[in-house]
Amino acid sequence: MRPSAPRPALWQLFLLAALLWGGEYLRRDCWEPDEARVAYVAREMAQGGHWLVLHRHGEYYAHKPPLIYWLINFFSFATGLPIGRLTVRLPGFFAGLLTLWATARLAERWAGARAAWPAALTLLTTYLFWHEIGFARPDGLLLGWTTGALALLFWNDDEPVLWKPALAWACMGLGILTKGPVGLIVPAGAYAAARFAAGEGLLLRKSHWLWGPLLALTLPATWLGLAWWTGAPEGYLRELLVGQNLDRAAGALGHVQPCYYYLPSIAGDWMPWTLALPAAALILVRDPDRRRLLRRLGGWIGFIVLFFSLLASKRNVYVLGAAPAFAILVGSAW
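Residues numbered from 1 in each chain as written. Predicted model: local features only at pLDDT ≥ 70, side-chain atom pairs only at ≥ 80, totals over all residues. Heavy atoms only, no water.

Participant: Please set out a nonpolar patch on the surface residue by residue, giving values where relevant.
Facilitator: Taken together, Trp-11, Leu-15 and Leu-19 make up a surface patch of nonpolar side chains, about 390 Å² in accessible area. As for its position among the elements, Leu-19 is in helix α1 (residues 10-27). Taking relative accessible area as the criterion, Leu-19 reaches 63% and is therefore assigned exposed. (Patch = residues over 30% accessible without salt bridge, like charges linked within 9 Å, V, L, I, M, F, W, Y side chains within 5 Å. Areas by Shrake-Rupley, 256 points an atom, 1.4 Å probe, with all protein chains shown as cover. Salt bridge = Lys/Arg side-chain N within 4 Å of Asp/Glu carboxyl O. Helix = DSSP H or I, 4+ residues; strand = E, 2+ residues; numbered from the N terminus. Buried < 20%, exposed > 50% of the residue type's maximum accessible area, 1.4 Å probe, protein only.)

Participant: Any chance you could break down the layout of surface pockets for me, citing the residues and the numbers?
Facilitator: Here the largest pocket is characterised by a volume of approximately 1,100 Å³. Listing elements by their share of the lining of the largest pocket, those giving two or more residues are α2 (34-48), α7 (138-158), α8 (163-179), α9 (182-197), α10 (208-229), α11 (236-249) and α14 (291-310). Among the elements that make up the lining of the largest pocket, the one with the highest residue count is α11 (eight residues). Classifying every residue of the lining of the largest pocket gives 29 nonpolar, eight polar and nine charged. If you add up the space inside the second largest pocket, you get close to 230 Å³. In terms of lining, the second largest pocket is formed by 15 residues, of which the most central are Ala-111, Arg-114, Arg-290, Ser-332 and Trp-334. The set of elements that each furnish at least two residues to the lining of the second largest pocket consists of α13 (277-286) and α15 (323-333). (1 Å grid on protein atoms, 1.4 Å probe; cavity = no way out; pocket = protein on both sides within 12 Å on 5 of 7 lines; lining within 4 Å. Points joined across faces, edges and corners; volume = space filled by probe spheres on them. Nonpolar A, V, L, I, M, F, W, Y, C, P; charged D, E, K, R; others polar.)

Participant: Break down the packing of helix α4 (residues 90-111) against α14 for me, with residues and values.
Facilitator: One way to put it is that α4 packs onto α14 with a least axis distance of 11 Å and a crossing angle of 145°. In the packing of α4 onto α14, the handedness of the crossing is right-handed. On the side of α4, the interface is formed by Leu-106, Trp-110 and Ala-111, while α14 contributes Leu-293, Arg-296, Leu-297 and Trp-300. Residues of the contact of α4 with α14, tallied by class, amount to six nonpolar, no polar and one charged. (Axes fitted to C-alpha atoms, helices over the stretch in contact; angles between N-to-C directions. Left-handed = near helix turned anticlockwise from the far one by under 90°. Contact = heavy atoms within 4.5 Å.)

What follows is the structure in structure tokens.
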């Protein structure tokens, strides 16, 4: 019998991530428009004391919730560095590190210790993941909360302990504070779809479905309540809650794409490993012990792709939450 491969330690993943992104973080300044905008808003938050209602160039900015800007200011304070090329990217860096660690642990749990490193390396070298973790946008940070929440819910099914679902739903609340309701919809829906697809629906009979969403919503509700109580400008809350969610989903703010948009998009954005996907799926489907794993990962990926395909507004980065499942699928076939 071959010895089991050691799973990647956190410090090893940190070193790999630092080697992959660190030089780029230091080499280039904030790119227009997204990274520069994130830096401007975070800087104005600190200079004007706008900790609850975001501002940009003196006017309120309701495009995103505040968590990434809070974290940028935290890293600026902790490191003593100004808000710039490094500090704006550190929230995404640590979210990427959390995603790699959770992906490796899920691969180990579902496909054995020898699958942990291949899954982590697959994710690390998948184009869309590499790009977003190296880029200061909320999507990389959101991926960390989404993957962390999913991993905790899956681990709780194996060894139920109250703190695991509590922390999972708290991660979803932080996801909402990062990019709105998708922070809850994506992990909760992907988890349920994965269990149903694998024929494991009975595992969903957990009490945390009753109190967990309330816990998740407590975090953004507290922020919104404080923003309203301190006198948020007229129109701010409506634009934040309606304009940037319902109107955006309906395509009123642009990015309108056909329903099949993600088929060619994923094929390019998950390179080079989309080339290996057919062979990896065939390997798993031929192994009776791993067919359930394929269905579970298919449910995870399928929910995210289908959910965003049904919305009028589409961007390639919206389906980033499916990348860890894709990496486990490919890595487990190695």
